[in-house]
Amino acid sequence: MTKQLTQVSPHASDWYRTAIIYQIYPRSFMDTNGDGVGDLPGITARLDYIASLGVDIVWISPFFKSPMKDFGYDIADYCDVDPMFGTLADFDSMIAKAHSLGLKIMIDQVMSHTAEEHPWFKESRSSRDNPKADWYVWADPAPDGNPPNNWMSVFGGSSWQWDTRRRQYYLHNFLTSQPDLNFHCPAVQQAHLDALRFWLERGVDGIRLDACNFHFHDTELRSNPPATNRDTATVSDVNPYGMQAHIYDKSRPENLPFLQKLRALLDEYQAVSIGEVGADDSLAVMAEYTADGDKLHMAYSFNLLVPQCSAHYIRQQVENFEARVKGGWASWSVGNHDVQRVATRWGGPEAPVAFAKMILAMQLSLKGTPCLYQGDELAFAEADVPFELLQDPYGITFWPEFKGRDGCRTPMAWSDAANGGFTTGKPWLPVSPDHLVKAASKQEGDAESSLEFTRRFIAWRRQFPQLTRGDIEFFDAPEPVLALRRDAAGERSIIAVFNLSGAPVSCALPQAAGGEQIAGYGLPGSVVDGQVALPAFGAWFGYAA
Ligand code: NOJ
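Residues numbered from 1 in each chain as written. Predicted model: local features only at pLDDT ≥ 70, side-chain atom pairs only at ≥ 80, totals over all residues. Heavy atoms only, no water.

As annotated in an unreviewed UniProt entry, the protein chain is Alpha-glucosidase from Duganella qianjiadongensis.

Rendered as structure tokens:
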């Protein structure tokens, strides 16, 4: 049977499949008022820089009103900007400038939980019979006073917190100050859809949906069984959360009809969505949530955010997803605000710039919309944040075996001025000395720099629809070589071979390759007598025979 290849002619509604997402962590991007924390006018001021990378969508982590216990992922008002970040007028100016540069804006929607300070929670906890009494997940204690079941919080300990007012426990999958909303209550779903419409009316082009498989819980509150296959992608192996099979506290089937309602609303505005999935089998949930064109557009998981990787592992993740997906679409991230920076995580403490370049090229050659994290285009290493300066409660709980997320959240270094030009005040986290050396202004115009490579590679990739919409297949290759092909109807197939290591390798070129190298991708690699020779972190792109 002849295989039906993906057509590359773009469907207007599928534009996100050829897009590249750039993630901003707003606290650490650019501060314009000297309070040491980034803000929306700071983002506006740096949009030209983002546009110059050649990316399409800017995902901004939460900037809504928040007590900041989880740095914005604890929301106290879904429809307002926290004064720390600016005002709604600042948001409007930012989105107008983004649109004038051809950039789309994606906001973070944290629907699963609110902040304790949210008026909904204040009302809900005030009594057992107020109008919002069932807006959160409340449960009576077990007969011995213990929590109703064994569910655990991702951030440590039981996910149940005792509340003296109602003399009941409430559920929190993350911090105790992040109570979980009860999605079984239709009014909760509607309240979220209304809040989302508020932003769609303001012109947002998409949403990133935080922890989107945590929306629903088992109404019978059944305890989770022990894990048979410990999930070490979503949480570190020092976290007992990974010891349970999370079949009752998340990834529940009732989420699918909710995602369909959400999609119907997004479709009214031609807006797109990307869901964050942290599940026991995240690839299956990603496939399920993006299937059939009536739920999420894209989903990402922690599968490529893991501490270690190999060529075989990367191949396995992509193949597993492709084997399960039905019309859906992945987004592959190798770095974000929740994990150690990729340069250090996969490249080691002294990862050279060549490593960052190769990883970017590899990520942008996988099938799925790539999501880049601020600073990775500059090859930033993980910052070393001493315990006394730690901000992240997750890191403080699991210190020293797991240091939390501050090391990837330190401020951008724009120049070698004090504090990297990020702020005129005292930055909320220290600017890393490694980042000052690699500041954006120092890389600007330097052809060898990671910044200029990122720009060039993104522009180069745009010429090849196979590399965005095309099908993907992998070839057997010895570690540390990752070899793949991308095929699309009417286009010449492209073969890409990457050396993931810092030592030169040579191996047989996949038979399908014709040996004709494609010019201009910017990494070292050659083919001699059917052997592909790749220097440290090199790559070879060529056409199939
Ligand atoms: C996932 C977010 O990416 C993370 O930063 C946050 O702490 C949790 N969800 C809770 O909202």
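Draft legend 1. Examining the environment of Tyr394 more closely. Secondary-structure assignment places Tyr394 in helix 11 (residues 393-398). For Tyr394, a relative accessible area of 6% puts it in the buried group. Between the C-alpha atom of Tyr394 and that of Phe198, which follows or precedes it by 196 residues, the distance is 31 Å. When sequence neighbours within four positions are dropped, the list of residues in contact with Tyr394 reads Val154, Phe155, Val235, Asn239, Phe402 and Arg405. In this structure the side chain of Tyr394 is engaged in a polar contact, spanning 3.5 Å, whose partner is the side chain of Asn239. (Helix = DSSP H or I, 4+ residues; strand = E, 2+ residues; numbered from the N terminus. Buried < 20%, exposed > 50% of the residue type's maximum accessible area, 1.4 Å probe, protein only. Contact = heavy atoms within 4.5 Å. Polar contact = N/O pair within 3.5 Å; in protein donor to acceptor, adjacent residues only side chain to side chain.)

Draft legend 2. Just the site of the ligand, in detail. Around the ligand sit 13 residues, and of these Asp70, His113, Asp210, His337 and Asp338 come closest. In the model, an oxygen atom of the ligand is placed 2.9 Å from a nitrogen or oxygen of the His337 side chain. Within the side chain of Asp338, one N or O atom sits 2.4 Å away from an oxygen atom of the ligand. Coverage of the ligand by the protein chains reaches 97% of its 290 Å² of free accessible surface. (Near = heavy atom within 4 Å. Areas by Shrake-Rupley, 256 points an atom, 1.4 Å probe, with all protein chains shown as cover.)

Draft legend 3. Representation of the packing of aromatic side chains within the structure. In total, this model carries 40 aromatic pairs according to the counting rule given. Aromatic side chains Phe457 and Trp460 sit 5.3 Å apart centroid to centroid with 40° between the ring planes, which places their arrangement in the tilted category. Here Phe457 pairs with Trp460, and both are found in helix 14 (residues 450-461), just three residues apart, close to one helical turn. A relative accessible area of 1% places Phe457 in the buried class. Residue class for Trp460 comes out buried when judged on its relative accessible area of 5%. Of the aromatic side chains, those joined through ring pairs into one cluster are Phe453, Phe457, Trp460, Phe464, Phe498, Tyr521 and Phe541. (Phe/Tyr/Trp six-rings, centres within 6.5 Å; stacked < 30°, edge-to-face > 60°.)

Draft legend 4. Focus on the sheet that holds strand 7 (residues 160-163). Spatially, three strands are ordered 6-8-7 in an open sheet, and the strand pairing comes out antiparallel. What marks the edges here is a single partner per strand, and that holds for strand 6 (138-139) and strand 7. Sheet topology places strand 7 next to strand 8 (residues 168-171); four bridges connect them, and they run antiparallel. Across the sheet, the residue bridging to Trp160 is Leu171, located in strand 8. (Pairing = 2+ DSSP bridges.)

Draft legend 5. Structural context of the packing of helix 7 (residues 282-290) against helix 8 (residues 311-324). Axis separation between helix 7 and helix 8 bottoms out at 9 Å; the angle between their running directions is 40°. The angle between the axes of helix 7 and helix 8 places the two elements in the oblique class. Helix-helix and strand crossings are classified by hand; for helix 7 and helix 8 the assignment is right-handed. When helix 7 is examined against helix 8, the residues Leu283, Ala284, Met286, Ala287 and Thr290 are found in contact with a partner set consisting of Gln317, Asn320, Phe321 and Arg324. (Axes fitted to C-alpha atoms, helices over the stretch in contact; angles between N-to-C directions. Parallel < 35°, antiparallel > 145°, perpendicular 65-115°, else oblique. Left-handed = near helix turned anticlockwise from the far one by under 90°.)

Draft legend 6. Geometry of the UniProt feature "domain: Glycosyl hydrolase family 13 catalytic" (unreviewed entry) in the protein chain. In the numbering used here, UniProt assigns the "domain: Glycosyl hydrolase family 13 catalytic" (unreviewed entry) feature to residues 23-409. Within the segment residues 23-409, helix and strand shares are 28% and 13% respectively, and the terminal C-alpha atoms sit 12 Å apart. (UniProt positions renumbered as here; feature names shortened; annotations may be inferred.)

Draft legend 7. Structural detail: helix 3 (residues 88-100). Taking 1.5 Å per residue as the helical rise, helix 3 with its 13 residues ought to reach 18 Å, and the 18 Å between its terminal C-alpha atoms agrees with that figure. The set of residues buried in helix 3 consists of Phe91, Met94, Ile95 and Ala98. Buried residues of helix 3 fall within an arc of 95° about the axis and therefore sit on the same side. Where helix 3 is buried, its residues touch helix 1 (40-45), helix 2 (47-53), strand 2 (57-60), strand 4 (77-81), strand 5 (104-109) and helix 5 (186-201). Gly102 lies just past helix 3 and shows a positive phi near 80°. (Expected span 1.5 Å × (residues − 1). Arc of directions from axis to C-beta.)

Draft legend 8. Up close: the pattern of salt bridges. Tallied over the full model, the rule gives 36 salt bridges. One salt bridge in this structure joins Arg197 and Glu268, with 3.0 Å as the shortest N-O distance. Remark: Glu268 occurs in helix 6 (residues 255-268) and Arg197 occurs in helix 5; sequence separation between them is 71 residues. The class for Glu268 is partly exposed, based on a relative accessible area of 48%. Glu319 is the salt-bridge partner of Arg315, the closest N and O atoms lying 3.0 Å from each other. Remark: Glu319 and Arg315 occur in helix 8; sequence separation between them is four residues, near one turn of the helix. Here the residues in one salt-bridge network are Asp70, Asp338, Asp392, Arg405 and Arg409, joined through shared partners. (Salt bridge = Lys/Arg side-chain N within 4 Å of Asp/Glu carboxyl O.)

Draft legend 9. Molecular detail of the nonpolar core. The biggest cluster of nonpolar side chains holds 157 residues, and the ones touching the most others in it are Leu262 and Phe498. In this view, Leu262 contacts Met111, Leu193, Leu196, Ile207, Leu209 and Leu296; residues no more than four positions away in its chain are not counted. One finds Phe155, Ala211, Phe214 and Tyr241 within the second-largest nonpolar core, a separate group that totals twelve residues. (Core = buried A, V, L, I, M, F, W, Y, C linked by side-chain atoms within 4.5 Å.)

Draft legend 10. Structural context of the sheet that holds strand 20 (residues 531-534). One open sheet holds the three strands; their spatial order is 17-20-19, and the pairing between them is antiparallel. In the strand order of this sheet, the two ends are held by strand 17 (505-508) and strand 19 (526-528), each with one partner. On average, adjacent strands in this sheet sit at an angle of 30° to one another, irrespective of strand direction. As paired strands, strand 17 and strand 20 are joined by four bridges and run antiparallel to one another. In the sheet register, Ser506 faces strand 20, and the bridge partner there is Ala533.

Draft legend 11. Expanded view of the pairing of strand 16 (residues 494-499). Burial of strand 16 is extensive: six of the six residues sit out of reach of the surface. Residue alternation in strand 16 divides its side chains into two sets, Ile494, Ala496 and Phe498 and Ile495, Val497 and Asn499, and both sets are buried. Pairing of strand 15 (residues 481-487) with strand 16, which is carried by six bridges, proceeds in the antiparallel orientation. Bridge pairing in strand 16 links Arg485 to Ile495. The turn joining strand 15 and strand 16, which pair antiparallel and follow one another in sequence, is formed by six residues; a positive phi near 80° is taken by Gly490. Sheet analysis places strand 16 next to strand 21 (residues 539-544), joined by five bridges and oriented antiparallel. Its bridge partner being in strand 21, Ile494 is matched across the sheet by Tyr543.

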